[in-house]
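# Commentary on secondary and tertiary structure
If you want the building blocks of each chain, they are given just below.
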Amino acid sequence: MQNTNQRPESRNCNPSKIYKKSCFLDMYKGFQTLLIGDSFCDVKLKTDDQKIITAHKVVLSAASPYFRAIFTNRAERNHDLVAIRNVDYTALQLLIHFIYSGKIVVTNENVQDLLTAVNILQLYEVKEACCDFLQSQLFPTNCIGINAIADLHSCTKLRKISELYILQHFSEVIGGNEFLSSSSEQVINLISSDKLIVPSEEKVFESVITWVKYDLDSRQCILPQLMEHVRLALTSNDYIKKKVAKDPLIKKCLECKRYVFEALKTLKGEELIPQSIGNKPRNEDKVILVVGGIEFGLSKTLEYFDPMTEQWHCGPELITKHRRHSLVVIQDNLVFDVGGYEVGLSPYRCVHMLDITENPPRWQLSDDMLIERQFLGVGVINDNIYAVGGSNDRNGDLKSAEVFDFNTKKWRMISSMNTLRSSFTVGVLNDLLYVVGGFDQSLQALDTVECYNPSTDMWTPVANMRERRSCAGVGVLNGELYVVSGRNGSNLLSSVEKYRPSTGVWTTIADILLPRKFADVVALNGLLYVVGGMNNSSVLNSVECYNPNTNTWATVTAKMNMDRCSAGVVVINRPKHFTIC
């Protein structure tokens, strides 16, 4: 008799196959049908206004840690009526609908009630949606209120973004009722910030006077505390005498008069107590600027990374599409794009400049180099641009170097490097120009490093790296020179090492997370950023940062809008006139 219980034969010892439901929409619809029909509902949720919403314990528990804790509690799990305190009925309805449907509509009318509710019910996905909505609604007339909402509900990212928005749009914000109704603490926090962006310090003084006059009886006594943070020495002698000193509120305040006298003494060049807040320049915060350099399909595009918001934004395009170029910045505002090449053309001598303070900012031609160069290294020392090595069609790889004097607007040749090398990297540390690694003429990766001293016009060897590297990234942080990844022959390197001039020694630090070549490295806010580059198979849009305090690498969540290698990367002041995208 045939055995009907036999298993089918298989060549695998433990055969199995996983079947997956391709879409959960049907399941969502099923949940909603049960809810609408009040089928199998086993719990009633009662709000403070005694309104009732029915639901299923298992569905709520799967979606919310808050409900899961309630329904697994021995004292509560058998109760079919649960009081939900401090949650608006309409907001709770919307959130229950979200649990059953995966959809929610956030509006100006419900967003604050939703934030209160999601903090209690621990529905963090909805909290993120609320924050995204409020961020999209930021305007000069409401940004202070949105910042207060973010602070109240512990929305860290939204709080940072709204703070930055207020600082960037201060001139417009001070004309609104939110500013006039702000507390003295809020006003002081604003006007004391080094990151406050204003066309002139006069605007800060005028905002203080306007705020005080809005409620003169209660605010007049606070004027001295406010004037302490107005940097009058950044205005003019004429403005102080004609506007500030003659203002009726200032004339009545003895302490305010002292600030006026100190500012006038500073403008006359008389020495004051060091680092007086009244003469300290407001320092605009910095961003990372990335220009061009796409490997496949050359690009004119520019974008910058804002570490405050952790977002990438667009900027004005280059005049031409090219790569194998280098980027430097002078005085934090003048960006120079040096050399490179365009498909079908010889390497460039040309240099393009972008003044980010212009409105609108635009690239324009600067003074040409003396020699055509691609794959060159560049650095800035005392506002002089140094262009080193590279290659061109006539001479092949180059040992030569030249310098551009920003004051005279002229290029001149300087001493050539000691070693002919290609695919090397350049860094500037302590007013010395370091040329690191690369290939020699036999395409052997180099571990040698040499530095140029402008005061002697001489190149000097320094200690060899611990590994041979070409196509690496170089950055300077806290007085040390970092060399990141690159390749040793045909292999990509994960290793990173740093050089301290005081000891003359290279030391190895933690490996980078993703090995890459043709990446660029910059330092910002105490961190080292590695931008783009290429792995063994593809161009990258990812960014990593290194924290020297913890000796750890982390991937920056926000990726560039485009894949880029051999791009130009620098740190600049936050641009006021770039397009946001």
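Each remark here, short or long, concerns the structure printed above.
Here goes a summary of the coordinates provided. (Residues numbered from 1 in each chain as written. Predicted model: local features only at pLDDT ≥ 70, side-chain atom pairs only at ≥ 80, totals over all residues. Heavy atoms only, no water.)

### A word on the overall build of the chain
The line we're drawing: Strands are runs of DSSP state E lasting at least 2 residues, helices are runs of H or I lasting at least 4, and numbering of each runs from the N terminus. Working definition: with a 1.4 Å probe on protein chains only, accessible area under 20% of the residue-type maximum means buried, over 50% means exposed, and in between means partly exposed. The contact criterion used is simple: two residues touch if any of their non-hydrogen atoms lie within 4.5 Å. Accessible surface area values rest on a Shrake-Rupley calculation with a 1.4 Å probe, where residue burial reflects the displayed protein chains alone.
Within the chain one finds 17 helices and 31 strands. Among the 581 residues that make up the chain, the fraction classed as buried is 49%. Residue pairs in contact within the chain that sit at least 24 positions apart in sequence constitute 54% of those at least 6 positions apart. A total of about 29,000 Å² of accessible surface is found on the chain, and carbon and sulfur atoms cover 49% of it.

### A word on the sheet that holds strand β17 (residues 425-429)
Heads up, the condition is: The rule for pairing is simple: two strands pair if DSSP sees at least two bridges between them. A fitted line through C-alpha atoms serves as each axis, taken over the contacting stretch for helices, and the angle formed by two N-to-C directions is quoted from 0 to 180°.
The strand order β17-β18-β19-β20 describes an open sheet built from four strands, whose pairing is antiparallel. Two strands in the sheet have a free side with no partner beyond their single neighbour: β17 and β20 (458-462). With strand direction ignored, the average angle separating the axes of adjacent strands in the sheet is 25°. Pairing geometry for β17 and strand β18 (residues 432-436), over five bridges, is antiparallel. In the sheet register, L429 faces β18, and the bridge partner there is L432.

### Some remarks on the side chain of S423
By the secondary structure assignment, S423 is in the loop between β16 (410-414) and β17. We classify S423 as buried; its relative accessible area is 18%.

### Section: the pairing of strand β15 (residues 401-405)
Each regular strand shows side chains that alternate between the opposite faces of the sheet. With respect to burial, β15 is a largely interior element, four of its five residues being buried. As paired elements, strand β12 (residues 384-388) and β15 share five bridges and run antiparallel to each other. The residue of β15 that forms the bridge with N384 is D405. Pairing analysis gives five bridges linking β15 to β16, with the strands arranged antiparallel. For E402, the partnering residue across the bridge sits in β16 and is M413. The hairpin formed by β15 and β16 contains four residues between the paired strands, and K409 there has a positive phi angle of roughly 60°.

### Digging into the nonpolar core
Quick note on the threshold: Definition of nonpolar core: a set of buried residues of the types Ala, Val, Leu, Ile, Met, Phe, Trp, Tyr and Cys, connected through side-chain atoms within 4.5 Å.
Of all hydrophobic cores here, the largest spans 81 residues; its most connected members are L60, F179 and M227. With residues up to four places along the chain from it excluded, the contact list for M227 reads F205, V208, L232, I250, C256 and Y259. Core analysis: the second largest hydrophobic core is formed by 17 residues, F305, V556, M560 and A567 among them.

### Some remarks on the layout of surface pockets
Convention followed: Method remark: on a 1 Å grid restricted to protein atoms, a set of points is classed as a cavity if a 1.4 Å probe fits but cannot get out and as a pocket if it is open with protein on both sides within 12 Å along at least five of seven lines; lining residues have an atom within 4 Å of a point. Grid points are joined across faces, edges and corners, and a volume is the space filled by probe spheres set on the points. Under the scheme applied here, ten amino acids are nonpolar (Ala, Val, Leu, Ile, Met, Phe, Trp, Tyr, Cys and Pro), four are charged (Asp, Glu, Lys and Arg), and all others, including Gly, are polar.
Approximately 1,000 Å³ is the volume found for the largest pocket. Lining the largest pocket we find 40 residues, and of these L327, V378, V426, D520 and V569 sit closest to its centre. Listing elements by their share of the lining of the largest pocket, those giving two or more residues are β7 (326-330), β11 (377-381), β17, β21 (473-477), β27 (520-524) and β31 (568-573). Ranked by the residues each element gives to the lining of the largest pocket, the list is headed by β7, at five residues. Grouping the constituent residues of the lining of the largest pocket by class yields 24 nonpolar, eleven polar and five charged.

### Some points on unusual backbone geometry
For the bond running from N359 to P360, omega is 0°, close enough to zero to count as cis. On the secondary structure map, P360 appears in the loop between β9 (351-355) and β10 (363-365). Even without glycine at this site, Q122 takes up a positive phi of about 60°. Assignment of secondary structure puts Q122 in the loop between α5 (111-121) and α6 (124-136). Among the residues examined, Q122 registers a relative accessible area of 27% and is labelled partly exposed.

### Some remarks on the sheet that holds strand β29 (residues 543-547)
Hydrogen bonds between backbone groups are what pair the strands of a sheet, and the pairing can be parallel or antiparallel. Strand order in this open sheet of four strands is β27-β28-β29-β30, and the pairing throughout is antiparallel. Two strands lie at the open edges of the sheet, namely β27 and β30 (552-555), each paired on one side alone. For this sheet the average axis-to-axis angle between neighbouring strands, irrespective of direction, equals 25°. Where β27 meets strand β28 (residues 527-531), five bridges bridge the pair, whose relative direction is antiparallel. Looking across to β28, one finds that A523 is bridged to L528.

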